[in-house]
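Overview (structure and organization)
Read off the chains here:
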Amino acid sequence: TATAPGYLVSWDVQEDGSLSAQHSQVAVAQGGMVPFSFTPIPKQNAFFVTDPGIGYDVVDLSGKGRDAAVTVNGQMATCWSTYSPKTGNYYAIDVGGNVIREVHLDGNLKGSVVAVRPTIAVHE
């Protein structure tokens, strides 16, 4: 239905580079809505995923049960993300709110927003 939460789909890659005929479906954690941008979490079988419906999700494929759907107060449309090896943090761009949120994930993949920075709009 249109109100059902989003999910991830993956295929195995065959030796010839083609995708398998069958796919696997992975649900986001309860509360997750619209998984959008995927940033791999180094040394983990997991992803930091922006979610314009709530803020961000953590998708843990390791079987350790560290999935999370995190509501970020004030977020409007968090769509893109990246990771900085220098800071060890993730940066989630809220295109609706014109801010970049810096998110830290601890060793158990629990996240917290550690900084919010405004973006700069350029008008010609």
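In this text the structure is predicted, and so the values were computed from the model without any measurement. (Residues numbered from 1 in each chain as written. Predicted model: local features only at pLDDT ≥ 70, side-chain atom pairs only at ≥ 80, totals over all residues. Heavy atoms only, no water.)

Our next topic: the side chain of serine 37. If you trace the backbone, serine 37 turns up in the loop between strand E2 (19-27) and strand E3 (38-40). A distance of 3.2 Å separates the side chain of serine 37 from the side chain of serine 81, its partner in a polar contact. (Helix = DSSP H or I, 4+ residues; strand = E, 2+ residues; numbered from the N terminus. Polar contact = N/O pair within 3.5 Å; in protein donor to acceptor, adjacent residues only side chain to side chain.)

The next thing to look at is the confidence of the model for the protein chain. Residues of the protein chain with pLDDT of at least 70 account for 94%, and the chain-wide mean is 93. Looking across the protein chain, the model is least confident in strand E1 (residues 7-13), with a mean pLDDT of 91, and most confident in strand E9 (residues 99-105), with 98. (pLDDT = per-residue confidence, 0-100.)

A sheet is described by the order of its strands in space; here four strands give the open sequence E7-E8-E9-E10, paired in antiparallel fashion. This sheet does not close on itself; its edge strands, each paired only once, are strand E7 (78-84) and strand E10 (111-118). On average, adjacent strands in this sheet sit at an angle of 25° to one another, irrespective of strand direction. (Pairing = 2+ DSSP bridges. Axes fitted to C-alpha atoms, helices over the stretch in contact; angles between N-to-C directions.)

Across soluble globular proteins, nonpolar side chains have a tendency to be buried as a group. Grouped together as the largest cluster of nonpolar side chains are 12 residues: Ile41, Ala46, Phe48, Tyr56, Val58, Ala68, Val72, Tyr90, Ala92, Val103, Leu105 and Leu109. Listed by contribution, the elements that provide at least two residues to this core are strand E4 (46-51), strand E5 (55-60), strand E8 (89-94) and E9. In this structure, alanine 92 is in contact with Phe48, Thr50, Thr78, Trp80, Ser81, Val99, Ile100 and Arg101, ignoring residues within four places of it in sequence. (Core = buried A, V, L, I, M, F, W, Y, C linked by side-chain atoms within 4.5 Å. Buried < 20%, exposed > 50% of the residue type's maximum accessible area, 1.4 Å probe, protein only. Contact = heavy atoms within 4.5 Å.)

Before going further, it helps to spend a moment on the side chain of arginine 66. Along the chain, the position of arginine 66 falls in the loop between E5 and strand E6 (68-71). On the accessibility criterion, arginine 66 (10% relative accessible area) is buried. Looking at arginine 66, its side chain comes within polar contact range of the side chain of glutamine 44, at 2.8 Å. Apart from the residues within four sequence positions on either side, arginine 66 is in contact with Gln44, Val58, Asp60, Gly107, Asn108 and Leu109.

In spatial order, the strands read E3-E4-E5-E6; together these four strands make up an open sheet with antiparallel pairing. If you trace the sheet from one side to the other, it starts and ends with E3 and E6, each paired once. In this sheet, adjacent strand axes meet at a mean angle of 20° when their direction is disregarded. The pairing of E4 with E5 spans six bridges and is classified as antiparallel. Residue pairing across strands places alanine 46 opposite aspartate 60, the latter belonging to E5.

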